[in-house]
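Letter by letter, the chains look like this.
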Amino acid sequence: LAKHKNLAIFVPHAGCPQKCSFCDQNVISETEEIPTPEKVSELCDEFLPTDTNSGKDYEIAFFGGSFTAIEEDYMISLLQVACPYVKSGRAKGIRCSTRPDAIDSHILDILKMYSVTSVELGAQSMDDEVLKKNLRGHSANDVFKASQLIKDYGFSLGLQMMTGLYGRRDYMEDALYTAGCFCKIKPDTVRIYPTITLKNTLLAHFYEKGLYKPPTLSETIEICANIVPVFEKANIKIIKLGLHADRSIEKNYVAGPYHPAFKELVESRIFFDKVKIELSNKEKGRWNIIVNEKNLSQMIGQSKENIKKFAKLGYNVKVKSNHDIKSGEFTIEKR
Ligand code: SF4
């Protein structure tokens, strides 16, 4: 496994053309200071290895949603400081996340000039109706266009999507549609975030008025257990599934499928679904499921959930590990 590390520098976005339904910019701006170029230099010196051989495992990441929509001179002043760390080999590149409508040739020329290697777009949904109802301020076509331009420039492309957004009754359908569009675009990476309703947002208002009913945790796990294989099949790397366990989310939480171990729950569900299909061709009774030791807890499930579910289906299952089995795979044998 590559020991890849990001030096994440948060650049709060002061210039959003609107406020998206789920975003609480006050939480963001209250808790984070806008970094000065001096601060960026300090962070790079502190975090990046001096030995250039290890530098290939590090990236400088400007996060915060809309890096290319911030004031241009300020954006360039941050890049001017970060770029020499890439040139000297102390980092392998620079990554930034931004809005699909804040990408054009002029911006990409600047990013290229300052050694940016990866651009991530917050697409969230590829359904125009959902984008509109959540006040995203861009269309699905903007995502297609910006993605193509980013790829044409030779950047690594990342796309971010959210499940359970307001505006569609069928959350599964929206997620599968968005995942399908992403597969057509073929980004290098994706991030999948469940929508969480936070205080002081339009979504919280809709929720309180009974206009928005977020999917439950178990529905969201099911949605993600369906879209993860779509990306895996298309060879698109999932670099994030679920939100970071975050104090400001917990403090401002109103509703939604938040769980600090969300990814583990989805992986556990995926194992269950795959094994269930295999077992359905076999007689009921006692079976061993053998997985790589890294996957033991996912196969068993939280509070042995998968074992209990198999028992209900008539399969008395024991989970064992064997390091010859590849991570993510399993074999089944009669006991
Ligand atoms: S574009 Fe990003 S930072 Fe701006 S309001 Fe929307 S989610 Fe929040």
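Computed from a prediction, not measured in an experiment: that's the story for all the values here.

Student: Is there a simple way to think about the pairing of strand E2 (residues 58-63) in this case?
Tutor: The two faces of a sheet get side chains in turn, since along a regular strand they alternate between them. In terms of burial, E2 is a largely internal element, six of the six residues being buried. Note: strand E1 (residues 5-10) against E2, six bridges, orientation parallel. Counted as the bridge partner of Lys5 is Tyr58 from E2. Two elements, E2 and strand E3 (residues 93-98), share four bridges in a ladder whose sense is parallel. Pairing of Phe62 across the sheet is with Cys96, part of E3.

Student: What is the right way to read the sheet that holds E1 from this model?
Tutor: Hydrogen bonds between backbone groups are what pair the strands of a sheet, and the pairing can be parallel or antiparallel. The strand order across the open sheet formed by seven strands is E1-E2-E3-E4-E5-E6-E8, and the pairing between neighbours is parallel. At either margin of the open sheet sits one strand with a lone partner, and together these are E1 and strand E8 (237-241). Averaged over all adjacent pairs, the angle separating strand axes in this sheet is 20 degrees, with direction ignored. As judged from the five bridges shared by E3 and strand E4 (residues 116-124), these two strands associate in the parallel manner. Residue pairing for E4: Thr98 is matched across the bridge by Leu121. Running at roughly 175 degrees to strand E5 (residues 156-163), helix H7 (residues 171-185) makes contact with E4, E5 and strand E6 (189-194) of the sheet.

Student: Any chance you could explain the nonpolar core here in plain terms?
Tutor: Within soluble globular proteins, side chains that are nonpolar tend to cluster in buried spots. Ranked by internal contacts, the top residues of the largest apolar core, which has 76 residues, are Ile60, Phe62, Phe67, Leu79, Leu111, Phe231 and Val266. Sort the elements by how many residues they give to this core and helix H3 (residues 72-87) lands first, with 10 residues. Contacts of Phe67, omitting those with residues within four sequence positions, involve Val11, Phe62, Met75, Leu78, Leu79, Cys96, Ser97 and Thr98. Core analysis: the next-biggest nonpolar cluster, separate from the first, contains 14 residues, Phe271, Ile289, Val317 and Phe330 among them.

Student: Before we go on, may I ask you to explain unusual backbone geometry in this structure?
Tutor: The general pattern is negative phi for most residues beyond glycine and trans for most peptide bonds. Unusually for a residue other than glycine, Gln124 sits at a positive phi of about 70 degrees. Mapped onto the elements, Gln124 comes out in strand E4.

Student: Would you take a moment to explain the packing of aromatic side chains for this structure?
Tutor: Two descriptors summarise a pair of aromatic rings, namely the distance from one centre to the other and the angle between the planes of the rings. What the rule picks out here adds up to seven aromatic pairs. Taken together, a centroid distance of 4.4 Å and an interplanar angle of 35 degrees make the contact between Tyr166 and Phe206 tilted. With Tyr166 in the loop between E5 and H7 and Phe206 in helix H8 (residues 202-208), this pair connects stretches of sequence that are 40 residues apart. Take Tyr166 and Phe206: they sit in the same class, and that class is buried. Aromatic pair Phe272 and Phe310: ring centres 4.7 Å apart, planes at 35 degrees, arrangement tilted. Taken together, the residues span a long stretch of sequence, with Phe272 in helix H11 (residues 262-279) and Phe310 in helix H13 (residues 305-312) at a distance of 38 residues. Under the relative-accessibility criterion, Phe310 is labelled buried at 1%. One aromatic cluster is present, built from ring pairs that chain together Tyr166, Phe206 and Tyr212. Over the ring of Phe272 we find Lys309; its NZ or CZ atom is 4.2 Å from the centre of that ring. For the cation-ring pair, Lys334 lies above Trp287, with the distance from its terminal atom to the ring centre recorded as 4.7 Å.

Student: Where do I start with the sheet that holds strand E10 (residues 285-291) in this structure?
Tutor: Here we have three strands laid out as an open sheet, ordered E11-E10-E12, and mixed in their pairing. Each having just a single partner strand, strand E11 (315-321) and strand E12 (330-334) make up the two edges of the open sheet. Within this sheet the neighbouring strands show an average axis-to-axis angle of 25 degrees, counted without direction. Here five bridges tie E10 to E12, and the two strands are oriented antiparallel to one another. Its bridge partner being in E12, Ile289 is matched across the sheet by Ile332. The strands that H11 touches are E10, E11 and E12; relative to E12, the one it contacts most, it runs at about 40 degrees.

Criteria and thresholds
- Residues numbered from 1 in each chain as written.
- Predicted model: local features only at pLDDT ≥ 70, side-chain atom pairs only at ≥ 80, totals over all residues.
- Heavy atoms only, no water.
- Buried < 20%, exposed > 50% of the residue type's maximum accessible area, 1.4 Å probe, protein only.
- Helix = DSSP H or I, 4+ residues; strand = E, 2+ residues; numbered from the N terminus.
- Pairing = 2+ DSSP bridges.
- Axes fitted to C-alpha atoms, helices over the stretch in contact; angles between N-to-C directions.
- Contact = heavy atoms within 4.5 Å.
- Core = buried A, V, L, I, M, F, W, Y, C linked by side-chain atoms within 4.5 Å.
- Phe/Tyr/Trp six-rings, centres within 6.5 Å; stacked < 30°, edge-to-face > 60°.
- Lys NZ or Arg CZ within 6 Å of the ring centre and 35° of its normal.

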